[in-house]
Structure formats: structure tokens, C-alpha cells
Amino acid sequence: MIFSKSISRRYYLSGIDWVMAALDRLNKNHTCIGNHSQLVLVLNGYLSKADLAKTLEKKVSNSSFYKGKIRRAWHHLAPYWVCLPQAFDGEDIRFFDLASKNKQALDATIQVCSKTPFKDEKTLLAFDLIHCDEHTYLIMRFDHRVFDARGAEALLDYVLDESDPGRSYNFPSQDSQLHAWKGRFLSGQHINRFLRSIYSPSTQVASLPQVSKPDIQHRFYHTTFSGDQTGAIEENALKNAGYLMNGIFFLSCAAKGFNGLLEEKESSQNLLIPINVDMRETKFASEKYFFNHLSFMLFKVKTGLEISEYIPLLKKQFIDQTRNKILYHFENASSLMRIVPLNVLSIFMKWRMKKNPCSFSFSYVGNQGFGLEQVNGHAVVNLFHVPIVPIKPGVGIFFTRFNNKLNMIVSSFDNTLSEKEGQYLKEKIISGLNQSKPDEL
């Protein structure tokens, strides 16, 4: 493993990193799991646990990305990341050999893996291995405090790549960013004005009720579209939303599907949908594998509309927010929150989510960070994500691409979305993507 000279220097967390750490704390206060996610890499044939353990013990042991924690600099209080190198034990890999070829048994096992907390607060990665129906499902759980979706994909690519032992790897360093205060406060003003325009006094946000439960469980509903199905969906996106507007088309289908779950569909209600957007270029250096290179948009549309009506409304808001640099202002203004302790910030965010609720979370990651064609001689078939959504709004709809396949995940908590409702939402979104009429709930 080759490290850059900058690895000994500190990485001071960005404002977005701090927000993600607060979301992690908020989730842990209500469930046994934080704001983590997992990648599911699908391989042809059966990759042995021994081979995987050998690879991970070589690449993960004593790395700067296996364990770590947050500290504050005593002289200016900016938070920074501390790496804690430690050996990786191959016995920590859980192995599941499923005799059944039943997809429900496979989903249930992936479900068990996705909602498993890390062994301790300092652990950032965990691995599981599933054998089922002549395929291997290699699972990497990752902590969102240090990795986002594409960064985790790129790291998994590095960890599993045995073909180039000299491949360079660089852990990032970043200064404390205690400068340009005027610009950060101006960004804060832009965001406050933007939020006031979104959450006007007359705004009634449509959201799903959350029931009180002593044991809140995570659920997910996954769909992989074949290459042909993905091509047909992209043709629909081009025809209905236009060039480079796949994300707007997917969001419109998600909004239409979510409408079917609402008991009230009066035009006075609105869907409020937060979107996270990857801020990196298509190809990025290893320094950007780590931490959160994303920002946010927020869309507001009426309930009860058709997909064809949602598309122009969402497209206009996307263009307006891009022109007004909302992504930049969210990213820039968030640095002002780093002075707030995490427990206080998580309480503030909980209050803010109650005061200014959202309907569901959404993201579309159109570029992938994993590029290996095989792992230990086993052909790579697919890679999809199973993210844990924030406890509020408790429902997220996420699209990712891998090679020529589109993956969709509905991620939720069972105090917000029942299993019947989750399956219905998934099927209704699929119907919208294919431009067919869905069945009634």
C-alpha cells in the first residue's frame, strides 16, 4: 500500500461531514444503527471466505480507513478526523450459505446484514459474504461519517483489486477552513431565504405518519433492471424529460408513486423532497474516496399530479436552484455549524425536521466508482446500495447505475412504511418508469 506524504497531516471535517455525523447520532438515538449504508457486490460463482479474508487482511489491516474517531483541535475547536490503524481479523467476516434459491430468503439475509451495527463506535467498515444460487453477494457496510456512495464504491474497487499491487492510495488532508467568514454568512443568508420560500406559512407538507414503537426496524425493497429494461427506461426518460434529465424523470416517478400512499390528496398539500447531489467529477483521485463530497437541493410540488405534470415543475426548480447556486450555498454555509457539539446539533436537526418536515428522501447516482470486471476470478454481475435513511422522514427512494443496469432501492423504517406499503411503492414507481398503469393498493 502506498501512502502520500500528506497522510500524517490532519483532515478537518467539512460542514457537510459534520451534518452527516449529526444524522448518524440522531439515528442512533432512535434505533440501534446509525446513518450507515452498504454496498452489495454480486459475483458469478462462489468466492471463498478464505480468499476474501486474505485480501481484506492485506488491504484493510493497519489502513487509515478501517477505524477512526473525531476530535477537536484545542486551539481553534475545529473538528478533525483521527485514524486508528488496527489489524483486520478475517474471522470478523460473517458467512451465510443459503441452500434455498428463494429471493425472499436472500433479501432477508441482506436485510439482517444491512441493519447490523458496527462492532464499536470507531469501526468504519464491516464485511459479510453470502452464497446463494451459484452467486456470491459480497457486502461492505460503511460509515457515512467517512464515506459517501461513490467514495465507498471506489474504495471497494481499491480493496479488491489484486491486479496492480503498486496502485497508489492517498488519504486526504484538509485545513481547518477558518477563513472566508463573510462568504459563509452570505451563503447562510441565501439558504435561509431559500428555505423561507419553500416553507411558506401556507405550506402543508404531505408525509407519512410515524407510529411509536419500542423496536424500530429497517426495511428495504430492491429492484435491478436488466440492460434491456434499463435501455427502455432511459428512452422513456429522454422522451418525457429530455436530454440529461434522467434524475428528474426518476424523481417524477417517485413522487407519483409516493402519492399513492397518502390518505389525503388535496391540492393544498405539497411534497417536500430533499435531494443529495454528488459534487465530484466523473473520475476522481483517491483523496476523494473519503468523506462526503455532496450537497443538497430541496424540491416542492403539489400532491396528486401526474408524472407528465411533475416533470416540468421539477425541471424548472432544478434549473432555478442551479442558477442560484443552491448546491454551493448549502455546502458553504454548512461550515458554520461545525462549532455546535454533535449531540446539540442532532437535537437541533430533530427539532428542525419536526418544524419543517419532508415527504421522502431521494438520490440518483448516475456515475459509478467501482470498475473491476472480476474479483478473484469471479465475474462481477452487479453492484447496488442499501442505505439507511434518516429516522425522519423515514422513507428514501434511491437510484444507482452499475454498467448498463439501473438499480432502485426503497429504504424505510417499519414505523413509517409497512411491508405491504413498501412493496406497493416499489411497484408503483416501476409502473411509472415503464409508463404503465399501476394497480390500486
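One can find the structure itself at the top, above this paragraph.
Novice: Can you break down the overall build of the chain residue by residue, with the values?
Specialist: Looking only at helices and strands, the chain has eleven helices and 16 strands in total. A globule of 441 residues ought to have a C-alpha radius of gyration of about 22 Å, and the chain, at 21 Å, matches this closely. Viewed in the frame of its principal axes, the chain has a C-alpha envelope of about 60 × 60 × 45 Å. Evaluated residue by residue, the chain yields a buried proportion of 56% over its 441 residues. For the chain, the exposed area adds up to about 19500 Å²; of that, 53% sits on carbon and sulfur atoms. Measuring between centres, the 53 positive side-chain charges of the chain sit 9 Å from its 43 negative side-chain charges.

Novice: A description of helix H11 (residues 419–433) should follow, citing residues and the corresponding values.
Specialist: End to end, H11 covers 21 Å across 15 residues, agreeing with the expected 21 Å (1.5 Å per residue, within 8%). The complete set of buried residues in H11 reads Gly422, Tyr424, Leu425, Lys426, Lys428, Ile429, Ile430, Ser431, Gly432 and Leu433. Among the structural elements, strand S9 (218–225), helix H6 (227–241), helix H7 (246–259), helix H8 (307–323), strand S15 (395–402) and strand S16 (405–413) are those in contact with the buried residues of H11. Two residues or fewer after H11 comes Gln435, characterised by a positive phi angle close to 60°.

Novice: Give a description of empty space enclosed by the protein that names residues and reports values.
Specialist: Following the criterion strictly, the structure yields one cavity of 30 Å³ or more and no others. Considering only enclosed or pocket space, the largest cavity measures out at about 30 Å³ in volume. Along its surface, the largest cavity is lined by Lys58, Lys59, Asp161, Glu162, Asp164 and Pro165. Residues that form the lining of the largest cavity fall into these classes: one nonpolar, no polar and five charged.

Novice: Please provide a residue-by-residue account of unusual backbone geometry, values included.
Specialist: Between Lys392 and the following residue, Pro393, the backbone shows a cis peptide bond with an omega angle of 10°. The phi angle at Leu244 is positive, at roughly 60°, despite the residue not being glycine. Within the secondary structure layout, Leu244 lies in the loop between H6 and H7. The exposure class of Leu244 is exposed, given its relative accessible area of 68%.

Novice: If you had to explain the packing of aromatic side chains to someone new, which residues and values would you point to?
Specialist: Summed over all chains, the structure comprises 24 aromatic pairs. Between the aromatic rings of Phe171 and Phe291, the centroid separation amounts to 5.9 Å while the plane-to-plane angle is 70°, which identifies the pairing as edge-to-face. With a gap of 120 residues between them, Phe171 in the loop between helix H4 (149–160) and helix H5 (181–198) and Phe291 in the loop between strand S10 (269–278) and strand S11 (294–302) connect regions that are remote in the sequence. Considered together, Phe171 and Phe291 belong to a single accessibility category, that of buried residues. The cationic tip of Arg10 hangs over the ring face of Tyr80; the distance from NZ or CZ to the ring centre is 4.0 Å. Note that Arg280 overlies the ring of Phe284, its terminal NZ or CZ placed 4.6 Å from the centroid.

Novice: Can you tell me about the sheet that holds strand S6 (residues 125–132), naming the residues and giving the values?
Specialist: The six strands lie next to each other as S5-S6-S7-S2-S14-S13, forming an open sheet whose pairing is mixed. Each of the sheet's edge strands pairs with one partner strand only, and the pair in question is strand S5 (94–98) and strand S13 (374–375). For strand S2 (residues 36–44) and strand S7 (residues 135–143), the ladder comprises nine bridges, and the chain directions are antiparallel. What sits directly across from Leu39, in S7, is Met140.

Analysis parameters
- Sequence order as written defines the numbering, with residues in each chain counted from 1.
- Per-residue local features of the predicted model are confined to residues with pLDDT of at least 70, and side-chain atom pairs are confined, for both listing and counting, to 80 or more; whole-chain, interface and lining totals are unaffected and use all residues.
- Excluding hydrogens and water, the side-chain figures rest on all heavy atoms present in the structure.
- Here a strand is any run of E in DSSP of at least two residues, a helix any run of H or I of at least four, and the numbering for each starts at the N terminus.
- For this measure, only C-alpha atoms enter the radius of gyration; the expected value for a globule follows 2.2 Å times N^0.38, where N is the number of residues.
- Throughout this description, buried means an accessible area under 20% of the type-specific maximum (1.4 Å probe, protein chains only), exposed means over 50%, and partly exposed covers the range between.
- Every accessible area reported is derived by Shrake-Rupley at a probe size of 1.4 Å, with residue values counting cover from the shown protein chains alone.
- Only four residue types enter the charge count: Lys and Arg as positive, Asp and Glu as negative, with His and the chain ends excluded.
- For this purpose, a charge sits on NZ of Lys, CZ of Arg, CG of Asp or CD of Glu.
- Expected span, for any helix, means 1.5 Å times one less than how many residues it has.
- Whether two residues are in contact is decided by their heavy atoms, any of which lying within 4.5 Å being enough.
- The definitions used throughout rest on a 1 Å grid laid over the protein atoms alone, on which a cavity is an enclosed set of points accommodating a 1.4 Å probe that cannot get out and a pocket is an open set flanked by protein within 12 Å on both sides along at least five of seven lines; lining residues are those having an atom within 4 Å of a point.
- Grid points are joined across faces, edges and corners, and a volume is the space filled by probe spheres set on the points.
- Only Asp, Glu, Lys and Arg are considered charged, only Ala, Val, Leu, Ile, Met, Phe, Trp, Tyr, Cys and Pro nonpolar, and every remaining residue, Gly among them, polar.
- The criterion for an aromatic pair is that two Phe, Tyr or Trp rings (for Trp, the six-membered ring) have centres within 6.5 Å, with stacked assigned to planes under 30 degrees apart, edge-to-face to planes over 60 apart and tilted to the rest.
- Here, a charge over a ring is recorded when the distance from Lys NZ or Arg CZ to the ring centre is within 6 Å and its angle to the ring normal is within 35 degrees.
- The pairing criterion for strands is at least two bridges between them, as found by DSSP.

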